[in-house]
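# Structural description and commentary
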Amino acid sequence: MNTPSPWLAKNLADERWFGEGQPNWKHLPSVEKAQIERLKRVRLLKKHRHPELMTALAACAPGKRCLSGCCPECGRAMQRFVATKASQLLTPYNEYDVASIIGRTQRLQGNLRTLPAAKFRDHLLRTLRRGRAGLALGGIDFSFNEFPATDRLARWVPHFWLLIHNANRPRWERVVRETYLAKALIRPRPIRIDPWDGNIEALGYALKTKFDRRISKVTYRFARGKVRECKNTTSDRLRANERVELFLYLHEIGLEGRLVLFEVTKARGGFDVAS
Ligand SMILES: [Zn+2]
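Residues numbered from 1 in each chain as written. Predicted model: local features only at pLDDT ≥ 70, side-chain atom pairs only at ≥ 80, totals over all residues. Heavy atoms only, no water.

### Some words on the pairing of strand β6 (residues 213–223)
Note the threshold: Here the rule is simple: two strands pair whenever DSSP picks up at least two bridges between them. Comment: elements are numbered from the N terminus, with helices defined as DSSP H or I runs of at least four residues and strands as E runs of at least two.
In this structure, strand β3 (residues 136–146) lies alongside β6, joined through three bridges in parallel fashion. Of the residues in β6, the one forming a bridge with N145 is R214. If you look at the hairpin formed by β6 and strand β7 (residues 226–236), you'll find two residues sitting between the two strands, and R224 has a positive phi there, around 45 degrees.

The structure is reproduced here in structure tokens:
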């Protein structure tokens, strides 16, 4: 496991991030749900014979948090801490856009451990630098994609979720779109950029602790005199072996391994603009 930095350990030592109250948003799991999910992961890891991680996760408790990247309670605290501190930095909100970017690299089932998270992130940071973007803050998210209607193999698709300053957008957007090309990608929209409405949920979503299996189906319909292809994606729960693979990986990269900071630094008690 990546050892948590003193910055993370110090900030998450504050148990209020593990509690209820503000910040809160629609899809944030409750304290109780996060506890139940942790125990589920403990049982799963036990069943699949990963005793070390199982023990670390089982021992997570107030005052002695495990800070593992796969702990749903520590992950939830990290989400609430990052969302709170980032919302203080990213003001006024109407100067920021929400960007979802699917990475250029994917991993077939069983190979997620070979994805170098730091390299994956650094590639994006270089792209943003080339595009002369301003501040950006967000996270790496993962989904498991299946394509039952084609011969493509199921795979892990890492993607970025960012809040990014909208100054200079024509330039950084062009560079990002040129770099993260649609042809290498799966979902119909590899890049989405929308204005931020200031809702804290957009910040919390960057480091969400629930992950989906996406099932892409291609269907055909006849419309306006032509047969048209329709791409449909539905979501489902990850299967046990997929969950194990992802949890081992998240533990390996650590909570901070998912964090993406561009022109932002970790500062005492939160974040600051890089000087
Ligand atoms: Zn924990």
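### Some points on the side chain of E242
Our working rule: It only takes one pair of heavy atoms within 4.5 Å for two residues to be counted as in contact.
Here E242 shows up in helix α8 (residues 240–253). Not counting residues up to four positions away in its chain, the partners in contact with E242 are Q109, F144, E146, W156 and R213.

### Looking at the coordination of the zinc ion
Threshold: Counted as donors are N, O and S atoms no farther than 2.8 Å from the metal, or 3.2 Å for Na, K and Ca; water is not among the atoms, and sites may therefore look incomplete. Exposure classes here rest on a 1.4 Å probe applied to the protein chains alone. A residue is buried below 20% of its type maximum, exposed above 50%, and partly exposed in between.
Coordination sphere of the zinc ion, protein contribution only: C60 (SG), C66 (SG), C71 (SG) and C74 (SG), at 2.2 to 2.4 Å. Residue classification places C60 among the buried positions, given a relative accessible area of 4%. Using a relative accessible area of 1% as the deciding quantity, one classes C71 as buried.

### Concerning a positive patch on the surface
Stated precisely, the cut-off is as follows: For patches, a residue must show more than 30% relative accessible area and have no salt bridge; joins then use 9 Å for like charges and 5 Å for nonpolar side chains, namely Val, Leu, Ile, Met, Phe, Trp and Tyr. Only the protein chains shown count as cover for residues, and all accessible areas are computed by the Shrake-Rupley method using a 1.4 Å probe. Counted as salt bridges are all cases of a side-chain nitrogen of Lys or Arg within 4 Å of a carboxyl oxygen of Asp or Glu. For the purpose of charge, His is not counted, nor are the chain termini; Lys and Arg are scored as positive and Asp and Glu as negative. In plain terms, the charge of a residue is placed at NZ if it is Lys, CZ if Arg, CG if Asp and CD if Glu.
Together, K33, K40, R43, K210 and R237 give the surface a local cluster of positive charge. Topologically, R237 is positioned in the loop between β7 and α8. When its relative accessible area of 56% is taken as the criterion, R237 is described as exposed.

### A short note on the packing of aromatic side chains
Two aromatic rings are characterised by how far apart their centres lie and by the angle between their planes. This is how the line gets drawn: Centres within 6.5 Å make a pair out of two Phe, Tyr or Trp rings, where for Trp the six-membered ring is used; the pair is then stacked when the planes are under 30 degrees apart, edge-to-face when over 60, and tilted otherwise. We call a charge positioned over a ring when the NZ of a Lys or the CZ of an Arg lies within 6 Å of the ring centre and within 35 degrees of the ring normal.
Applying the stated criterion across every chain, the model contains 10 aromatic pairs. Geometrically, the ring pair formed by W17 and F81 is edge-to-face, given 5.5 Å between the ring centres and 70 degrees between the ring planes. With W17 in the loop between α1 (6–12) and α2 (31–47) and F81 in helix α4 (residues 72–89), this residue pair connects regions lying 64 residues apart in the sequence. Take W17: its relative accessible area is 3%, and that puts it in the buried class. Residue classification places F81 among the buried positions, given a relative accessible area of 0%. Between W161 and Y205, the aromatic rings sit 4.5 Å apart at their centres with planes inclined by 55 degrees, giving tilted as the arrangement. With W161 in strand β4 (residues 155–165) and Y205 in helix α7 (residues 201–205), this pair connects stretches of sequence that are 44 residues apart. Owing to a relative accessible area of 30%, Y205 belongs among the partly exposed residues under this scheme. Through pairs of rings, three or more aromatic residues link up here, namely W7, W17, F81 and F271. Over the face of the ring belonging to W17 we find R16, whose NZ or CZ atom lies 4.3 Å from the ring centre.

### A look at the packing of α2 against helix α3 (residues 51–58)
What counts is decided by this rule: Fitted lines through C-alpha atoms give the axes, limited to the stretch in contact for helices. The angle between two N-to-C directions lies from 0 to 180 degrees. Between 65 and 115 degrees an angle is taken as roughly perpendicular, under 35 as roughly parallel, over 145 as roughly antiparallel, and anywhere else as oblique. Less than a right angle of anticlockwise turn of the near helix away from the far helix marks a crossing as left-handed, whereas a clockwise turn marks it as right-handed. Side-chain classes are defined by residue name, with Ala, Val, Leu, Ile, Met, Phe, Trp, Tyr, Cys and Pro counting as nonpolar, Asp, Glu, Lys and Arg as charged, and the others, Gly among them, as polar.
Where α2 meets α3, the axes come as close as 8 Å, and the angle between the chain directions of the two elements is 160 degrees. The angle between the axes of α2 and α3 places the two elements in the roughly antiparallel class. The handedness of the crossing between α2 and α3 is left-handed. Touching R38, R41, V42, L45 and K46 of α2 are L53, M54, L57 and A58, all from α3. Across the contact of α2 with α3, the residue classes break down as six nonpolar, no polar and three charged.

### Some thoughts on the nonpolar core
Test applied: For this analysis, a nonpolar core means a set of buried residues of the types Ala, Val, Leu, Ile, Met, Phe, Trp, Tyr and Cys, connected via side-chain atoms within 4.5 Å.
Residues L12, L90, L128, L137, F142, F160 and F271 are the most contacted members of the largest nonpolar core, which totals 76 residues. Looking at this core element by element, the count peaks at eight residues for α4.

### A closer look at the pattern of salt bridges
Inspection of every chain in the model, using the stated rule, returns 20 salt bridges. E146 is the partner of R239 in a salt bridge, and the nearest nitrogen-oxygen pair spans 2.7 Å. Within this pair, whereas R239 is found in the loop between β7 and α8, its partner E146 is found in strand β3, the two being separated by 93 residues in sequence. What makes R239 partly exposed here is its relative accessible area of 37%. On the accessibility criterion, E146 (14% relative accessible area) is buried. A salt bridge links R213 to E242, with the nearest nitrogen and oxygen atoms 3.8 Å apart. Taken together, the residues span a long stretch of sequence, with R213 in strand β6 and E242 in helix α8 at a distance of 29 residues. A single burial state applies to R213 and to E242, both of which are buried. One network of salt bridges, with partners in common, ties together E146, R213, D236, R239 and E242.

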